[in-house]
Amino acid sequence: MGQETALLQSALDSILQRLSCLESSVGITPPATSGSNAAISRPQAPPQETTTIATDTADTPASLLAFDQHTSKALVPFVQSCEALPGLSPIGTHMTAIWQSMRDMIQFASSCRKPPSAELVQKSLSPYLSPIQEAMKEIRQLKLDRSYDWHIKAIMEMLVGVSWVVMTAPPAPSSFVKETLGATEFWTNKIRKEYKTKSKEQIDFCDTIKVLILDLSAYVKEYHLSGLLWNPRGVDVSEYVKVGGEVGKKQEGKSSSGVASLSTNATTATSSSQAVDFRKELAAKRSSDGNSAATGLRKVSREQQTWRKEYKAADGGGNVATTTTTMSVKPSAVKAAQKKQDVPQQKQKIHPPTCQFQSVGNKWVVEHQTKDSQPNGVCTVDIQNPKEQVYIYKCEHVTIQIRGKVKSIIMDSCNKTNVLFETAISSCEIVNCQKVQIQSTGICPSFAIDKTDGCLIYLSPEAVPVSNFVTSKSSEMNVGWLDEKSGEQKEAPIPEQFVHKLVNGTISSDVSDLYH
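### Points about the pairing of strand β17 (residues 498-503)
Moving on, step 1. Relative to strand β18 (residues 506-511), β17 is paired through 6 bridges, and the arrangement is antiparallel. Paired with V499 across the bridge in β18 is D510.
Moving on, step 2. In this antiparallel pair of consecutive strands, β17 and β18, the connection spans 2 residues, and N504 shows a positive phi of 55°.

Dropping the structure here:
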């Protein structure tokens, strides 16, 4: 019973504390405690953390007080766990900067009215989002030891949840924050498995990052249920100034204490409190002489409105329709005629030829090669490692020579291109090509031909018994090889026509008699 009584007393203290914050914010003086109320106050209890936060509640919104509680409860232990690991010592500074920017954003929203459009909201929050993005970028670019790769990946997965500040329900921002726990634990579980009995600091890192996510999700669910909470009675965004971490107005003589603080039930405020009086805005835009935002604009006549049948081109020679035309022209016909006139003016984009090795994917990229881009029309690729691949894309009238054993070769959208290679460990694929030739001086176990018209493959004597061909939607395919007995070069077509029969409920296919 003693423990249950303590939990009940803690809940009552929390309720009384929040009621005190609300009374202070609206200027109500709380009555003196007496009678039964004095029994609830429990004066013999030692000072708790809530007592410290209750100071200066007249100027600090409840959502900001709760965020400070979250920071001391969840962020500080996580930063300490990072500093306990030598390789993660720089992380603490960046994490503190991210949470400080998040706090500034909450303070900004709790002091201002929500802008009328999503674009204005994004624009008003951009000064606070920039430090967060910069801190994330610096964390991603840290050059740490390889043993901390899992830690960095877990931190980056966790930081995805910081995007809740720009989200609106559905889905609920708190759910979005909590969903990052799964991806984060994918990496922290690896750390737990590796350091289960070796390092307590590593386990503390995993525990504190989980607490940080769950506590942030609980905070967002309580104070920002449908998105970042704005103050319907706050000042306009344009009147808000941020100087040295303090909130104020541009007009002198007005302090931040006049801004109404928000309570936890502020999410139930009606949208009518945020409605915009457009008439007042238009009246405010008028200057002292009566001019408005539309003053000085040139009037557009009917002949200058492109969607009308009376439209006339600026040069006078490209009239789509005139006032003397008896048949009306639809706007769609006008746009179609203009588009047709612009087609001859479009020039084909010229891409620079490329022949380079990319470490990502362990791949050679050979693109847009022609007979003019290479001496003698030959592009040479020197393979250093059998694990390397070669990707050939949109080459014309050129020969690609591959030296050394390669993992695989892919030809894509090539025209009149020749490929000469020694040995391919996996396969050689030809896709969307026209009139290409491939020759293997070694072994290639598999050739895949897809959507290709005109393909001639030369096999070495070693490759003849082991090579196979997979074809689809292709034509004019031939295979050439050297007959060792006669010494003659032979060539045979790959069948394109087949005869299919239904036999006992299954389809049987045979090559057409044309190839026999």
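On we go.
### Looking at the pairing of strand β13 (residues 453-459)
Moving on, step 1. Among the 7 residues in β13, 5 count as buried, and that is most of the element.
Moving on, step 2. Alignment of strand β11 (residues 434-440) against β13, held across 5 bridges, turns out to be parallel. Each bridged residue has a counterpart across the sheet, and for Q439 the counterpart in β13 is Y458.
Moving on, step 3. As paired strands, β13 and strand β15 (residues 475-482) are joined by 6 bridges and run parallel to one another. Following the sheet pairing, Y458 is matched in β15 by G480.

### Considering the sheet that holds β15
Moving on, step 1. The 7 strands are arranged β5-β7-β9-β11-β13-β15-β16 in an open sheet whose pairing can be described as mixed. The two strands at the open ends of the sheet, each matched to only one other strand, are β5 (378-382) and β16 (489-493). On average, each strand axis in the sheet is tilted by 15° relative to the strand beside it, whichever way the strands run.
Moving on, step 2. As judged from the 5 bridges shared by strand β9 (residues 415-421) and β11, these two strands associate in the parallel manner. Within β11, the position partnered with N415 by the bridge is Q434.

### Quick notes on the pattern of salt bridges
Moving on, step 1. In total, this model carries 10 salt bridges according to the counting rule given.
Moving on, step 2. The shortest N-O distance in the salt bridge between R113 and D236 comes to 3.6 Å. Taken together, the positions of R113 in the loop between α5 (91-109) and α6 (118-140) and D236 in the loop between α9 (200-223) and β1 (240-243) put the pair 123 residues apart, joining distant regions of the chain.
Moving on, step 3. Taking the relative accessible area as the measure of exposure, R113 reaches 35% and is therefore partly exposed.
Moving on, step 4. Taking relative accessible area as the criterion, D236 reaches 30% and is therefore assigned partly exposed.

### Thoughts on the packing of α5 against α6
When two helices pack together, you describe them by how their axes are tilted relative to each other and by the distance separating the axes.
Moving on, step 1. Direction vectors running N to C along α5 and α6 enclose 170°, while the axes themselves pass 9 Å from each other. As far as their axial angle goes, α6 and α5 are roughly antiparallel. In this structure, α5 uses I91, H94, M95, I98, S101, M102, D104, M105 and F108 to contact α6, whose residues at the interface are S124, L125, Y128, L129, P131, I132, A135, M136, E138 and I139.
Moving on, step 2. Class assignment for the residues of the contact of α5 with α6 results in 14 nonpolar, 3 polar and 2 charged.

### Focus: the packing of α6 against helix α7 (residues 149-159)
Moving on, step 1. In the contact formed by α6 and α7, the axes pass within 10 Å of each other and the chain directions differ by 165°. The angle between α6 and α7 falls in the class roughly antiparallel. Crossing angle aside, the handedness with which α6 passes α7 is left-handed. The residues of α7 that touch α6, namely those facing M136, I139 and R140, are I152, M156 and L159.

### Side note on the confidence of the model for the protein
Moving on, step 1. Confidence along the protein averages 76 in pLDDT terms, with 73% of residues attaining 70 or more.
Moving on, step 2. Every residue in residues 242-278 scores below 50 in pLDDT, and together they form 56 contacts with partners more than four places removed in sequence or on other chains.

### What about the sheet that holds strand β12 (residues 446-450)?
Moving on, step 1. The mixed open sheet is built from 7 strands, whose spatial order is β3-β4-β6-β8-β10-β12-β14. Looking at which strands have only one partner, the edges of the open sheet turn out to be β3 (354-358) and β14 (468-472). On average, each strand axis in the sheet is tilted by 10° relative to the strand beside it, whichever way the strands run.
Moving on, step 2. Sheet topology note: the strand β10 (residues 424-431)/β12 ladder contains 4 bridges and is parallel. For C428, the partnering residue across the bridge sits in β12 and is F447.

About the thresholds
- Residue positions are counted from 1 within each chain, in the order its sequence is given.
- In keeping with the model being predicted, local features are shown solely for residues with a pLDDT of at least 70 and side-chain atom pairs are shown and tallied solely at 80 or more, while totals for entire chains, interfaces and linings include all residues.
- Processing note: side-chain calculations cover all non-hydrogen atoms of the structure and skip hydrogens and water entirely.
- Strands pair, by our definition, only if DSSP identifies at least two bridges between them.
- Numbered from the N terminus, helices here are DSSP runs of H or I no shorter than four residues, and strands are runs of E no shorter than two.
- Relative accessibility under 20% of the residue-type maximum defines a buried residue, over 50% an exposed one, and the middle range a partly exposed one, all with a 1.4 Å probe and only protein chains included.
- Lines fitted to C-alpha atoms define the axes here, with helix axes fitted over just the stretch in contact, and angles between the N-to-C directions of these axes take values from 0 to 180 degrees.
- We count a salt bridge whenever a side-chain nitrogen from Lys or Arg sits within 4 Å of a carboxyl oxygen from Asp or Glu.
- Small angles under 35 degrees read as roughly parallel and large ones over 145 as roughly antiparallel, with 65 to 115 read as roughly perpendicular and the rest as oblique.
- We call two residues in contact whenever any of their non-hydrogen atoms come within 4.5 Å of each other.
- Polar here means any residue other than Ala, Val, Leu, Ile, Met, Phe, Trp, Tyr, Cys and Pro, which are nonpolar, and Asp, Glu, Lys and Arg, which are charged; Gly is therefore polar.
- The sense of a crossing depends on the near helix, which, turned anticlockwise from the far helix by less than a right angle, makes the crossing left-handed and, turned clockwise, makes it right-handed.
- You can read pLDDT as the predictor saying how much it trusts each residue, on a scale of 0 to 100.

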